[in-house]
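Report on the structure
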Amino acid sequence: MATRTPVIAGNWKMNTDVESGLKLAKGIAELSGAVGGVDKIVCPPFVSIASVAQALAGSSIQVGAQNVSANTDGAFTGEVSTSMLQSLVSHAIVGHSERRVLYGETSVQVAEKAVAAANAGITPVLCIGEDLSVRKLGNAESFVAAQLEASLSGVTDWDSLIVAYEPVWAIGTGEAATSDQAQEMTTVCRQVIRSLAPNAADSVRVLYGGSVNSGNVVELLAQPDIDGALVGGASLKAEEFSKLIAAAGAS
Ligand code: 13P
C-alpha cells in the first residue's frame, strides 16, 4: 500500500483581516515551520492570500484558497479564477458544505471547480459530508458515496486531489465524529475513489473535518483511512493548530 503523507489544513473561513491573518500565518510558521512528515496548509480569506503567501514564501507552510471559480475569466462578479490564484496558492477547497448549503453549490459545480483547479496546477481539497437528518435515517454511507461520485465527475488527475469528509453535524459544533464513524466514512470515500480509479485509491489523501482539536486529533489520525484533518476553529490559534501539525508529523 502506498504511504500517504498526512495533511493538516486550516480553513480560516470568514475570519481574520489582513493584519491578523498575517500574524496568524507567521505564528504558525514560527511554531510549525520545522515540523516534517506532514503537509501543512493554511486557507485564508481571499483578501489575505497575497500577503500570507508572501509571508510564507520559502517556508514549509503552503497556502490554499477557500473556493475558486470554474470559469476562466470574464463577467462573473465576485468570483476568483484559477489563473488569479495560480501564483499564490497550491491548494483550493472546493465544495465545502457551507458553500453547498448557504450558496446552493451543486456537486456538478463542485466537480467543475475541482477540474478547473487541477488543470491550473492547484490541488483541490474536495469536501463532502452528510447532515444530521441523513445520518439519523441511516443513509450517511450511501449519501456520501453518491455525493463524492458526483463531485468527482470529470476528474482525471488523481495525483492532484485531496478529499475531505466533513459531516455537517460535526462542523463548528464541538461534537466531532467518533474515530470509528470517521474511519467508516473515509473508507467509503476510498471505495468510491477505487471504483473510479483503482490505481489511485491507495494514494489519494482522505481527510476528516469537523471539530478537530488537540484533544481528539491523535485518535482520529490513528485510523488507517484518515490521512489528516481539515480544521476550522482550531486553525485560528497558532498554538492549537501547531499541536495538530505536531500530532500529524508524529503519526
Ligand atoms: P470546525 O473545525 O470549526 O468544526 O470546522 C471544520 C470545517 O468546516 C473545516 O473546513
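Presented here is an overview of the structure given in this document. Since we're looking at a predicted model, the values are computed, not measured.

A tally of helices and strands in the protein chain yields 10 helices and 8 strands. In terms of C-alpha radius of gyration, the protein chain reaches 17 Å, essentially the compact-globule figure of 18 Å for 251 residues. For the protein chain, the spread of C-alpha atoms along the three principal axes comes to 45 × 45 × 35 Å. Classification of the 251 residues of the protein chain by burial places 54% in the buried group. When contacts within the protein chain are restricted to residue pairs at least 6 apart in sequence, those whose partners lie at least 24 apart make up 72%. Taken as a whole, the protein chain presents about 11,000 Å² of accessible surface, with 52% of it coming from carbon and sulfur. The distance from the centre of the 15 positive side-chain charges to the centre of the 25 negative ones in the protein chain is 4 Å.

This part takes up the layout of surface pockets. Approximately 470 Å³ is the volume attributed to the largest pocket. Lining the largest pocket are 18 residues, and of these Lys 13, Met 14, Gln 66, Arg 99 and Tyr 103 lie nearest its centre. Ranked by residue count, the leading element in the lining of the largest pocket is helix 4 (residues 97-103), at 4 residues. Class assignment for the residues of the lining of the largest pocket results in 8 nonpolar, 6 polar and 4 charged. The computed volume of the second largest pocket comes to approximately 210 Å³. What lines the second largest pocket is a set of 17 residues, and nearest its centre among them are Gly 172, Ser 211, Val 231, Gly 232 and Gly 233. When its residues are assigned to classes, the lining of the second largest pocket shows 7 nonpolar, 8 polar and 2 charged.

Strand order in the closed barrel formed by 8 strands is 1-2-3-4-5-6-7-8, with parallel pairing between adjacent strands. Strand-to-strand twist in this sheet, taken as the mean axis angle between neighbours without regard to direction, amounts to 25 degrees. Strand direction decides the pairing type here: strand 1 (residues 7-11) and strand 8 (residues 228-231), joined by 4 bridges, are parallel. Across the sheet, the residue bridging to Ala 9 is Leu 230, located in strand 8. Most of the contacts of helix 2 (residues 46-56) go to strand 3 (residues 61-65), to which it runs at about 165 degrees, and overall it touches strand 2 (39-43) and strand 3. Its contacts with the sheet place helix 7 (residues 140-151) against strand 5 (123-128) and strand 6 (162-165), and it is angled at close to 150 degrees to strand 5.

Residues Glu 141, Asp 180, Glu 184 and Glu 219 make up a contiguous surface patch of negative charge. The topology assignment puts Glu 219 in helix 9 (residues 217-221).

Moving on to the pattern of salt bridges. Going through the model one piece at a time under the given rule, you end up with 9 salt bridges. Measuring nitrogen to oxygen at the nearest pair gives 2.8 Å for the salt bridge that ties Arg 99 to Glu 105. Exposure remark for Glu 105: the relative accessible area of 9% places this residue in the buried category. Taken together, the shared-partner salt bridges connect Arg 4, Arg 190, Asp 225 and Asp 227 into one network.

Looking now at the site of the ligand. The ligand sits among 13 residues. The nearest are Lys 13, His 96, Gly 172, Ser 211 and Gly 233. Between an oxygen atom of the ligand and a side-chain N or O atom of Glu 166, the distance comes to 2.9 Å. In the complex, the protein chains occlude 95% of the 310 Å² of accessible area that the ligand would expose alone. Put simply, the ligand lies in the second largest pocket. Class assignment for the residues of the shell around the ligand results in 4 nonpolar, 7 polar and 2 charged.

Before going further, it helps to spend a moment on the pairing of strand 4 (residues 91-94). Every second residue of strand 4 is oriented toward a common face, with His 91 and Ile 93 on one face and Ala 92 and Val 94 on the other, all of them buried. Here 2 bridges tie strand 3 to strand 4, and the two strands are oriented parallel to one another. Each bridged residue has a counterpart across the sheet, and for Gly 64 the counterpart in strand 4 is His 91. The pairing of strand 4 with strand 5 spans 4 bridges and is parallel. Bridge assignment links Ile 93 to a residue of strand 5, and that residue is Val 125.

How each quantity is defined
Residues numbered from 1 in each chain as written. Predicted model: local features only at pLDDT ≥ 70, side-chain atom pairs only at ≥ 80, totals over all residues. Heavy atoms only, no water. Helix = DSSP H or I, 4+ residues; strand = E, 2+ residues; numbered from the N terminus. Rg over C-alpha atoms; globule rule 2.2 N^0.38 Å. Buried < 20%, exposed > 50% of the residue type's maximum accessible area, 1.4 Å probe, protein only. Contact = heavy atoms within 4.5 Å. Areas by Shrake-Rupley, 256 points an atom, 1.4 Å probe, with all protein chains shown as cover. Lys, Arg positive; Asp, Glu negative; His and termini not counted. Charge placed at Lys NZ, Arg CZ, Asp CG, Glu CD. 1 Å grid on protein atoms, 1.4 Å probe; cavity = no way out; pocket = protein on both sides within 12 Å on 5 of 7 lines; lining within 4 Å. Points joined across faces, edges and corners; volume = space filled by probe spheres on them. Nonpolar A, V, L, I, M, F, W, Y, C, P; charged D, E, K, R; others polar. Pairing = 2+ DSSP bridges. Axes fitted to C-alpha atoms, helices over the stretch in contact; angles between N-to-C directions. Patch = residues over 30% accessible without salt bridge, like charges linked within 9 Å, V, L, I, M, F, W, Y side chains within 5 Å. Salt bridge = Lys/Arg side-chain N within 4 Å of Asp/Glu carboxyl O. Near = heavy atom within 4 Å. Polar contact = N/O pair within 3.5 Å; in protein donor to acceptor, adjacent residues only side chain to side chain. Sits in = over half its atoms within 2 Å of the grid points.

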